[in-house]
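One-letter residues, chain by chain:
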Amino acid sequence: MKLRIFIAIFALAQFSQVGLTVEPTLHWKLVPLAVDANEGIDIADFNGDGKPDVAAGRFWYQNPEFRPRPLRNFKDVNGYVESNGDFAYDVDADGVNDVIAGGFFSTEVHWYKNPGAEGLRLGHLWEQRLLLDTKESQNEGQLMADLNQDGKPEWIVNTWAKDAPIYVYELTTKESTIEVIEAGQKKTITKMEPALRKNLVGMRGNGHGMGVGDINGDGYKDLLLGHGWYESPGKDCLNTTWKYHNDWQIHGSVPMLVYDVNNDGKNDILVGEAHAHGLYWWENQGEQNGTITFEKHLIDEKTSQLHALHLADLNADGEPELITGKRYFAHNGGDKGAREPIEIVYYSIDRKTGTFSRNLIHQGRAGIGLQIRAADIDGNGFVDIAVAGKSGTHILFNQGPRK
């Protein structure tokens, strides 16, 4: 059943433990990888040795040395780099991970072909190949998520332009012809190449903020935006428009997260203020008179520019923690709190009470960019964090509980 959802505008409900800073229980080791303005990053095994490596903008970093190795080139534009998201994915299904990447102002989405073991050893640049010219610029950020449950992720783009249509892009193939010379004769060969196919979600609701998740409990991932959300039509979601719910106006994080905070069986929403102070959870109140309402709770307002959020189990207790941090100089110093200390934090979530406890991971040198990635990079049994932003590219190695 399709339900209309409204944000209930209640006074902020602030529990006694919300935003509480506690004594850190985990020990972290900060390892700088590069100093540049790139803000995209991903973790994957790129050379086939079974160890997680890092890709971040112009470089990839091989585990365990993590020295910068060439990947791609791009331009710097007015304090930003033309790179705002890195996604590891085996685009051509040859058994090794490639990289898909987008930019703030570029309308073209490219993938970068992994050159294989020998090419990686020799330091070759990864060949740039076009997936699609979307004709869309003003790209705030991207996500990859499987929306139609076919086992392949879709490419989803957020824009800060409020009047821009909303699209998702399906990974597919297209025919390409090349001319070759065989036995002295010119010959035309047709082959299939990776591509993106553009699919319209709707014409309204765009704006700063994006996430995916099942809001209404029908088993399909809905699309959250800065100005409301789109209800998934199901498995045929790439061939039809979606139902729009104009239920909020925010300047939110990319991503916003969908998660059952208080373990009541209903998915809630986690959202950060991307260019101001504030971290919130919107509690799903369930269906009331044919609608679903959300009550807005403040988690914390100590840190500004919480542009990205991520959930990962950092203390190995089987439950995820909420990771975020300050996107350093997101608007080149123009945001509220821009010159306050940069930091990365995580919040323990008490799902019995729906409360959060703040834990400082690092302050002073490393902030976040547009993506937060987490995996057990060093194999010690604890999940590490990788970030890239205008404060540089860093790995924060999780050393486990303090002794």
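In the block above lies the structure referred to throughout.
All of these numbers come straight from a predicted model, not from anything done at the bench. (Residues numbered from 1 in each chain as written. Predicted model: local features only at pLDDT ≥ 70, side-chain atom pairs only at ≥ 80, totals over all residues. Heavy atoms only, no water.)

Quick question: what am I supposed to make of the overall build of the protein chain here?
Per the secondary structure count, the protein chain includes 1 helix and 32 strands. Taken over the C-alpha trace, the protein chain has a radius of gyration of 21 Å; the compact-globule value for 403 residues is 22 Å, and the two agree within 12%. Projected onto the principal axes, the alpha-carbon positions of the protein chain cover approximately 80 × 50 × 40 Å. For the protein chain, buried positions account for 57% of its 403 residues. Counted over contacts in the protein chain with a minimum sequence separation of 6, partners at least 24 positions apart contribute 53%. Computing the positive centroid from 40 side-chain charges and the negative centroid from 56, the protein chain places the two 4 Å apart. (Helix = DSSP H or I, 4+ residues; strand = E, 2+ residues; numbered from the N terminus. Rg over C-alpha atoms; globule rule 2.2 N^0.38 Å. Buried < 20%, exposed > 50% of the residue type's maximum accessible area, 1.4 Å probe, protein only. Contact = heavy atoms within 4.5 Å. Lys, Arg positive; Asp, Glu negative; His and termini not counted. Charge placed at Lys NZ, Arg CZ, Asp CG, Glu CD.)

Help me understand the pairing of strand 16 (residues 166-182), please; the structure alone is not making it clear to me.
Each regular strand carries side chains that alternate between the two faces of the sheet. Bridging between strand 15 (residues 154-159) and strand 16 involves 3 bridges; their strand directions are antiparallel. If you follow Trp-155 over to strand 16, its bridge partner there is Tyr-169. In textbook terms, the turn of a hairpin is the stretch between consecutive antiparallel strands, and for strand 15 and strand 16 this stretch comprises 6 residues. In the sheet, strand 16 pairs with strand 17 (residues 185-202) via 17 bridges, with the strands oriented antiparallel. Note that in strand 17 the partner of Ile-166 across the bridge is Gly-202. In textbook terms, the turn of a hairpin is the stretch between consecutive antiparallel strands, and for strand 16 and strand 17 this stretch comprises 2 residues, one of which, Ala-183, has a positive phi near 55°. (Pairing = 2+ DSSP bridges.)

Help me out: how do you make sense of empty space enclosed by the protein in this one?
Counted under the stated rule, the structure contains 1 cavity of 30 Å³ or more. Looking at the largest cavity, its volume works out to about 150 Å³. Lining the largest cavity are 21 residues, with Thr-134, Glu-136, Asn-139, Val-157 and Tyr-169 positioned closest to its centre. When residues of the lining of the largest cavity are traced back to their parent elements, those giving at least two are strand 12 (108-113), strand 14 (139-145), strand 15 and strand 16. Considering every element that reaches the lining of the largest cavity, the biggest residue donor is strand 15, with 4 residues. Counted by class, the lining of the largest cavity contains 8 nonpolar, 11 polar and 2 charged residues. (1 Å grid on protein atoms, 1.4 Å probe; cavity = no way out; pocket = protein on both sides within 12 Å on 5 of 7 lines; lining within 4 Å. Points joined across faces, edges and corners; volume = space filled by probe spheres on them. Nonpolar A, V, L, I, M, F, W, Y, C, P; charged D, E, K, R; others polar.)

Please clarify how the pattern of salt bridges should be interpreted in this entry.
Pairing of side chains with opposite charge becomes possible as their charged atoms draw close. A complete count under the given rule lists 18 salt bridges for this structure. Residue Asp-300 is joined to Arg-358 by a salt bridge in which the shortest nitrogen-to-oxygen separation is 2.6 Å. Separated by 58 residues along the polypeptide, Asp-300 in strand 25 (residues 291-304) and Arg-358 in strand 29 (residues 355-363) bring together distant segments of the chain. Residue Glu-343 pairs with Arg-358 through a salt bridge whose shortest N-O separation is 2.5 Å. One end of the pair, Glu-343, is in strand 28 (residues 343-350); the other, Arg-358, is in strand 29, with 15 residues separating them in the sequence. Side by side, Glu-343 and Arg-358 carry an identical accessibility label, which is buried. (Salt bridge = Lys/Arg side-chain N within 4 Å of Asp/Glu carboxyl O.)

When you look at the packing of aromatic side chains in this model, what are you seeing that I'm missing?
The geometry of an aromatic ring pair comes down to the distance between the two centres and the angle between the two planes. Here the structure, examined in full by the defined rule, presents 14 aromatic pairs. On the numbers, 6.1 Å between centres and 75° between planes, the contact of Phe-105 with Trp-160 is edge-to-face. Pair noted here: Phe-105 is in the loop between strand 11 (98-101) and strand 12 and Trp-160 is in the loop between strand 15 and strand 16, with a separation of 55 residues, a long-range link. Of note, Lys-198 hangs over the ring of Tyr-167, and the distance from its end group to the ring centre comes to 4.3 Å. The positively charged end of Lys-296 is found above the aromatic ring belonging to Tyr-280, 4.6 Å away from the centroid. (Phe/Tyr/Trp six-rings, centres within 6.5 Å; stacked < 30°, edge-to-face > 60°. Lys NZ or Arg CZ within 6 Å of the ring centre and 35° of its normal.)

Please explain the sheet that holds strand 30 (residues 372-375) as it appears in this structure.
By definition, the strands of a sheet pair up through backbone hydrogen bonds, in either a parallel or an antiparallel sense. Pairing in this open sheet of 4 strands is antiparallel, and the strands run 3-32-31-30 from one edge to the other. Here the strands that pair on one side only, and so sit at the sheet edges, are strand 3 (26-34) and strand 30. Ignoring which end each strand starts from, the neighbouring axes of this sheet average 20° apart. Relative to strand 32 (residues 392-401), strand 3 is paired through 7 bridges, and the arrangement is antiparallel. Paired with Pro-32 across the two strands is His-394, which belongs to strand 32. (Axes fitted to C-alpha atoms, helices over the stretch in contact; angles between N-to-C directions.)

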